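Fold and geometry: a report
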Amino acid sequence: MPPLHALAIFAAGMAAGAINTLVGSGTLITFPILLAFGYPPVTANVSNTIGLVPGSVAGAIGYRRELAGQRARAIRFATASTVGGIVGAVLLLSLPASAFKDIVPAFIIIALVLIVLQPRLAVALDARRAGRAREGDHPGPTSLLAVFASGVYGGYFGAAQGIMLLAILGLSLPDEDLQRVNALKVVLAGLVNLVAGIIFIFAAHVAWLPALLIAIGSIIGGIAAARWGRRLPAPALRAVIVVVGITAIIRLI
């Protein structure tokens, strides 16, 4: 691998680790980079999924204060996420590679729309949070089903899974602080990547050097985002993600 390619993948991993901790769309940074350097779409997706797991762990550790007291709900949601992630990973490996290449541009478009609408979603969630009574630590079947569906999506292709989870959790836990909701999101999205990554290690072709570079970068990015990342200007961050996402669509098509 040329040194410049390695540096670019490492930098993309740092950015993705930070973005996943803050919002949840880091795949739209690392996945297009791997495509641009000639990796097949499925291999790029598999390697990216594995590489981003350590960054999610780092982000969860950084949010450990916000995670305190959420054990009961976290176990319920984590069960739904785990099952969904397994289903999504199996679908990725079972369906033809051509299906992935045909489906993913639509997924990226959905992800970009969610990113653009994220400020409005945040306002809507805040309004709903202010207008409803707390539901407690026991999410209902609808919430668990929605988290399961986001896990299926994340196991298949994880871009903007975090934004989906923020919306689901924000509606499910209307009286909860948004930072605590985001901390739970980091754990659930990371868990989906973990279970999918374990399956990919044993059943898919992994480009290990890019995965390692993304992993190291994502750890640094995840730690930095949990400590200081809230200071980044959100509009600039969204603009970068949209540009990278459009580039990925063009590359796939």
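One can find the structure itself at the top, above this paragraph.
One structure accompanies this document, and this report is about it. Given the structure is predicted, the values throughout are model-derived calculations rather than measurements. (Residues numbered from 1 in each chain as written. Predicted model: local features only at pLDDT ≥ 70, side-chain atom pairs only at ≥ 80, totals over all residues. Heavy atoms only, no water.)

1. Observations regarding the overall build of the protein chain
Note the threshold: Numbering goes from the N terminus for both helices and strands, where a helix is a DSSP run of H or I of at least four residues and a strand is a run of E of at least two. Using a 1.4 Å probe on the protein chains alone, a residue whose accessible area is under 20% of its type maximum counts as buried, one over 50% counts as exposed, and one in between counts as partly exposed. Using a 1.4 Å probe, accessible areas were evaluated by the Shrake-Rupley method; residue-level cover was limited to the displayed protein chains.
The helix and strand inventory of the protein chain stands at 11 helices and zero strands. Along the protein chain, helices and strands appear, N-terminal first, in the series α-α-α-α-α-α-α-α-α-α-α. A burial count over the protein chain gives 52% of its 253 residues as buried. With an accessible surface of roughly 11,000 Å², the protein chain has 72% of that area assigned to carbon and sulfur atoms.

2. Points about the packing of aromatic side chains
Rules: The criterion for an aromatic pair is that two Phe, Tyr or Trp rings (for Trp, the six-membered ring) have centres within 6.5 Å, with stacked assigned to planes under 30 degrees apart, edge-to-face to planes over 60 apart and tilted to the rest.
All told, the structure shown has four aromatic pairs when counted by the stated rule. Ring geometry for Phe31 and Phe100: centres 6.3 Å apart, planes at 80°, overall edge-to-face. Linking Phe31 in helix H2 (residues 27-36) with Phe100 in helix H6 (residues 97-131), this pair joins segments that are 69 residues apart in sequence. Each member of the pair, Phe31 as well as Phe100, carries the same accessibility label: buried. Seen in terms of ring centroids, Phe100 and Tyr156 are 5.7 Å apart; in terms of plane orientation they differ by 50°. Their pairing is tilted. Of the two residues, Phe100 is situated in helix H6 and Tyr156 in helix H7 (residues 141-156); the sequence distance between them amounts to 56 residues. One exposure class covers both Phe100 and Tyr156, and it is buried. An aromatic cluster is present here, built from Phe31, Phe100, Tyr156 and Phe157 joined pairwise through their rings.

3. Some thoughts on the environment of Gly217
Worth spelling out the cut-off: We call two residues in contact when some of their heavy atoms are within 4.5 Å.
Turning to its location among the elements, Gly217 is positioned in helix H10 (residues 208-228). Using a relative accessible area of 0% as the deciding quantity, one classes Gly217 as buried. It is 4.4 Å that separates the C-alpha atoms of Gly217 and Gly13, two residues lying 204 residues apart in sequence. Beyond its immediate chain neighbours, meaning those up to four positions away, Gly217 contacts Phe10, Gly13 and Met14.

4. Describing the nonpolar core
Stated formally: Nonpolar cores are built from buried Ala, Val, Leu, Ile, Met, Phe, Trp, Tyr and Cys residues. Side-chain atoms within 4.5 Å join them into one set.
Formed by 42 residues in total, the largest nonpolar core has its most connected members in Phe31, Val46, Phe100, Ile108, Tyr153, Phe157 and Phe200. In terms of nonpolar packing, the next biggest core, distinct from the first, is built from 13 residues, Phe77, Ala78, Val147 and Leu173 among them.

5. A word on the side chain of Lys185
Cut-off, in case you're wondering: The charge count includes Lys and Arg as positive and Asp and Glu as negative, but it does not include His or the ends of the chains. The term salt bridge refers to a side-chain nitrogen of Lys or Arg lying within 4 Å of a carboxyl oxygen of Asp or Glu.
In this fold, Lys185 is placed in helix H9 (residues 178-203). The side chain of Lys185 is buried and forms no salt bridge, while Glu66, the nearest opposite charge, is found at 12 Å. Those residues in contact with Lys185 that lie beyond four places of it in its chain are Asn20, Thr21, Leu22, Val23, Gly24, Gly162, Leu165, Leu166 and Leu169.

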